[in-house]
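# An overview of the molecular structure
Read off the chains here:
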Amino acid sequence: MSEAEIRDFEPAFEALEPDVLVAPVVFNSPHSGRVYPAQFLQQVRLDLPTLRRSEDTDVDALFAGVVERGMPLVRAHFPRSMVDVNREPYELDPRMFDGRLPTFANTRSMRVAGGLGTVPRVVGEAQEIYARRLPVDEALMRIDTIYKPYHRTLRRVIAGAHRAFGEALLVDCHSMPSLAPAREDRPRADIVIGDRYGTSCSPVVSDLVESVLRGRGYQVVRNKPYAGGFITEHYGQPQAGTHAVQIEINRAIYMDERSYRRKPGFEGLQADLMLLAEGLMRLPLDRPGDWRFAAE
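Below you will find a few notes about this structure. None of the values given here were measured: they were computed from a predicted structure. (Residues numbered from 1 in each chain as written. Predicted model: local features only at pLDDT ≥ 70, side-chain atom pairs only at ≥ 80, totals over all residues. Heavy atoms only, no water.)

## Considerations on the pairing of strand β11 (residues 242-250)
Where we set the bar: For every residue, the accessible area (1.4 Å probe, protein chains only) is compared with the maximum for its type, and the residue is labelled buried under 20%, exposed over 50%, or partly exposed between those bounds. What counts as a helix is a DSSP run of H or I of at least four residues, what counts as a strand is a run of E of at least two, and both are numbered from the N terminus. When DSSP locates at least two bridges between a pair of strands, those strands are taken to pair.
Among the nine residues of β11, nine are classified as buried, and the element is accordingly described as predominantly covered. The two faces of β11 match: T242, A244, Q246, E248 and N250 on one face and H243, V245, I247 and I249 on the other face are all buried. Alignment of strand β8 (residues 168-176) against β11, held across nine bridges, turns out to be parallel. Paired with M176 across the strands is N250, a residue of β11. Examined bridge by bridge, strand β9 (residues 191-194) and β11 share four bridges and lie antiparallel to one another. Along β11, the bridge assignment pairs I191 with I249.

## Structural notes on the pattern of salt bridges
Close approach of charged atoms allows side chains with opposite charge to pair. The following threshold applies: Put simply, a salt bridge is a Lys or Arg side-chain nitrogen that is within 4 Å of an Asp or Glu carboxyl oxygen.
Taken as a whole, this structure holds 25 salt bridges when the rule is applied. For the salt bridge of E14 with R75, the shortest nitrogen-to-oxygen distance reads 2.8 Å. Placement of E14 in strand β1 (residues 13-16) and of R75 in strand β3 (residues 73-76) is noted, with a sequence separation of 61 residues between them. With relative accessibility at 23%, the residue E14 sits in the partly exposed group. The residue R34 makes a salt bridge to D60 at a minimum N-O spacing of 3.5 Å. One end of the pair, R34, is in the loop between β2 (25-29) and α1 (38-43); the other, D60, is in helix α3 (residues 59-63), and 26 residues separate them in sequence. Residue classification places R34 among the buried residues on the basis of a relative accessible area of 14%. Overall, the relative accessible area of 4% leaves D60 in the buried class. Through salt bridges that share partners, E14, R34, D58, D60, R75 and R262 make up one connected network.

## Re the packing of helix α6 (residues 203-215) against helix α8 (residues 266-281)
Keep this limit in mind: For every element, the axis is a line fit to its C-alpha atoms; helices are fit only across the contacting stretch, and the angle between N-to-C directions ranges from 0 to 180 degrees. Two helices that cross are described as forming a left-handed crossing if the nearer one is turned anticlockwise from the farther one by less than a right angle, and a right-handed crossing if clockwise. In this analysis, two residues are considered to be in contact whenever any of their non-hydrogen atoms come within 4.5 Å of each other.
Following both chains from N to C, one finds α6 and α8 inclined at 145°, their axes separated by 10 Å at the closest point. Of the two possible hands of crossing, α6 and α8 adopt the one that is right-handed. Contact residues: α6 offers V205, L208, V209, V212 and L213, while α8 offers L273, L275, L276, G279 and L280.

## Focus on unusual backbone geometry
Note the cis peptide between E10 and P11, where omega equals 5°. With respect to the helices and strands, P11 occurs in the segment before β1. Between K224 and P225 the backbone carries a cis peptide bond, its omega angle lying at 10°. Mapping P225 onto the fold places it in the loop between β10 (220-222) and α7 (230-235). Residue R196 is not a glycine yet carries a positive backbone phi of 55°. Within the secondary structure, R196 is located in the loop between β9 and α6. Since its relative accessible area comes to 26%, R196 is described here as partly exposed. At Y260, a position not held by glycine, the phi torsion is positive, near 65°.

## Remarks on the pairing of β2
The buried count for β2 comes to five of five residues, which makes it a mostly enclosed element. Here β2 shows no split at all, with V25, F27 and S29 on one side and V26 and N28 on the other all buried. Of the pairings in the sheet, the one linking β2 to β8 comprises four bridges and is parallel in character. Along β8, the bridge assignment pairs F27 with V171. For β2 and β3, the ladder comprises three bridges, and the chain directions are parallel. Opposite F27, over in β3, you have L73 as the bridge partner.

None of the figures reported here should be taken as evidence of function without further support.
Set out below in structure tokens:
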């Protein structure tokens with residue numbers, strides 16, 4: 001399950017959709033891909049275990065039970081170290097490439113400066129992925145064949161939920177290393193909720209996520225150090241009836257971060273996340289905020 005595969009991915013991602021949609025809640029796991037094409041591995045200078053540090057290993061499996069409960073799950077098979085769909089489509093570092101980037105590329109974002117653009121330059125603690133510059137056409141090919149189709153699919157699934165229920169909630173699912181970088185002055189929590197400081201979803205969504213997970217014994221914080229990336233910001237438009245919340249899970253809870261193997265706590269966390277999913281299905285009509293859906 002948590003083993004990486006070295007092969008060409010086909011498909012690069014998939015949308016697992018229930019036969020009957022029972023709630024306007026969509027789950028997304030954009031960084032859980034662990035299929036590494038041989039051609040990509042020939043381009044990099046790092047070994048596979050090091051590349052895998054950017055994976056949200058097994059996050060898709062933690063949330064897979066939502067599909068049988070009537071909610072869709074979109075999940076990646078391609079690795080985040082190859083292309084990151086939680087970025088703008090053209091956040092690109094010109095220092096990485098041979099050739100001229102498109103004039104509309106965002107080359108000055110903080111994420112690009114940190115080496116974490118749409119085609120990442122580093123993994124882990126600033127470890128350079130590539131030994132030499134990539135052709136610009138390589139970056140554009142990854143964006144055209146992986147990034148753009150992924151977002152088309154995600155938009156379609158969210159739009160289907162919105163069409164069926166008059167609103168939609170996207171739950172963007174991630175994991176984080178247990179050890180924080182030196183610049184962080186406190187230990188990592190168990191769960192970080194990201195709602196772009198209250199702008200990407202109705203407050204009742206974040207409140208429910210925090211309440212359920214605290215009730216299951218987890219240490220939960222909001223927005224620090226992760227407030228939500230491009231996906232949360234881009235799709236979280238509460239005024240238009242589309243809400244988005246990001247959930248970051250401390251990997252030490254469910255996996256050995258050296259071997260990438262699941263710990264005995266995996267099943268317990270999985271069960272707790274399904275309780276959360278069921279709670280999100282049933283957010284009542286009479287709570288304050290923009291969220292109006294209640295399950296029958």
